[in-house]
Amino acid sequence: MEFRYHVLTGAIVSFLLVLIFKLEPLVGLTIFLASVLIDIDHYFWYAFETMDLNPFHAIRWYLRFGKKHGNLSKRKQEEYKIPIFIFHNWICWSFLLIFGFFIDKIFLEILVGFAIHIVPDLIYLKRGGLSIQRKISISYVLKR
């Protein structure tokens, strides 16, 4: 899913959560930022793979890759190397849940933001005929 849609979805859902559950605006901001900044792991992967730390190069690369990748058949898309995104998997979410209960509630707010980001990603993959495991399971990615 394109980044701009994550920003839009995160803003709308965070705002609605603040209104419906009467959350503090700072909590809503935390949830929104988490829903958007989860994608920093895409940059980490790019930097690790290319040894290039320039974030503008990473953005340019992802934009070119997205157009090229989107024009491929589903079968060809599945053949590409699947990157490991450390914040997009269930292990990270488990730690956030545990930390949220035992350390500070801000980890639960971050988890909510991550969920706001991940649910549309999973719907996008499923509708596109791609495995959702590629997004949420490190063992699936390593196995492939």
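Quick look at the structure, then. (Residues numbered from 1 in each chain as written. Predicted model: local features only at pLDDT ≥ 70, side-chain atom pairs only at ≥ 80, totals over all residues. Heavy atoms only, no water.)

Before going further, it helps to examine the overall build of the chain. For the chain, the count of helices and strands is 9 helices and 0 strands. Reading the chain from its N terminus to its C terminus gives the helix and strand order α-α-α-α-α-α-α-α-α. Computed over C-alpha atoms, the radius of gyration of the chain comes to 16 Å, within 12% of the 15 Å expected from 2.2 N^0.38 for 144 residues, which places it in the range of a compact globule. Projected onto its principal axes, the C-alpha coordinates of the chain cover approximately 45 × 35 × 30 Å. Across the 144 residues of the chain, 33% fall into the buried class. Considering only intrachain contacts with a sequence separation of at least 6, the fraction spanning at least 24 residues in the chain is 60%. Here the chain contributes 17 positively and 11 negatively charged side chains, and the mean placements of these two sets differ by 10 Å. (Helix = DSSP H or I, 4+ residues; strand = E, 2+ residues; numbered from the N terminus. Rg over C-alpha atoms; globule rule 2.2 N^0.38 Å. Buried < 20%, exposed > 50% of the residue type's maximum accessible area, 1.4 Å probe, protein only. Contact = heavy atoms within 4.5 Å. Lys, Arg positive; Asp, Glu negative; His and termini not counted. Charge placed at Lys NZ, Arg CZ, Asp CG, Glu CD.)

Bringing unusual backbone geometry into the picture now. With a phi close to 50°, Lys22 is a non-glycine residue in the positive phi region. Mapped onto the fold, Lys22 is located in the loop between helix 1 (3–21) and helix 2 (25–37). Phi angles above zero are rare outside glycine, and Met51 is one such case at about 60°. Tracing the sequence through the fold places Met51 in the loop between helix 3 (40–50) and helix 4 (55–70). Its relative accessible area of 68% is what places Met51 among the exposed residues.

In terms of nonpolar packing, the biggest core is built from 9 residues, these being Ala34, Ile38, Cys92, Trp93, Leu96, Leu111, Phe114, Ile118 and Ile136. Those elements giving two or more residues to this core turn out to be helix 6 (90–102) and helix 7 (106–127). (Core = buried A, V, L, I, M, F, W, Y, C linked by side-chain atoms within 4.5 Å.)

For the structure shown, the criterion picks out 9 aromatic pairs. Consider the rings of Tyr46 and Trp61, whose centres lie 5.9 Å apart with planes at 45°: the pair is tilted. Highlighted residues: Tyr46 in helix 3 and Trp61 in helix 4, separated in sequence by 15 residues. Look at Trp61 and you get partly exposed, because its relative accessible area is 25%. Ring geometry for Phe99 and Phe107: centres 5.4 Å apart, planes at 65°, overall edge-to-face. With a relative accessible area of 23%, Phe107 lands in the partly exposed category. Through successive ring pairs, a cluster of aromatic residues spans Trp45, Tyr46, Trp61, Tyr62 and Phe85. (Phe/Tyr/Trp six-rings, centres within 6.5 Å; stacked < 30°, edge-to-face > 60°.)

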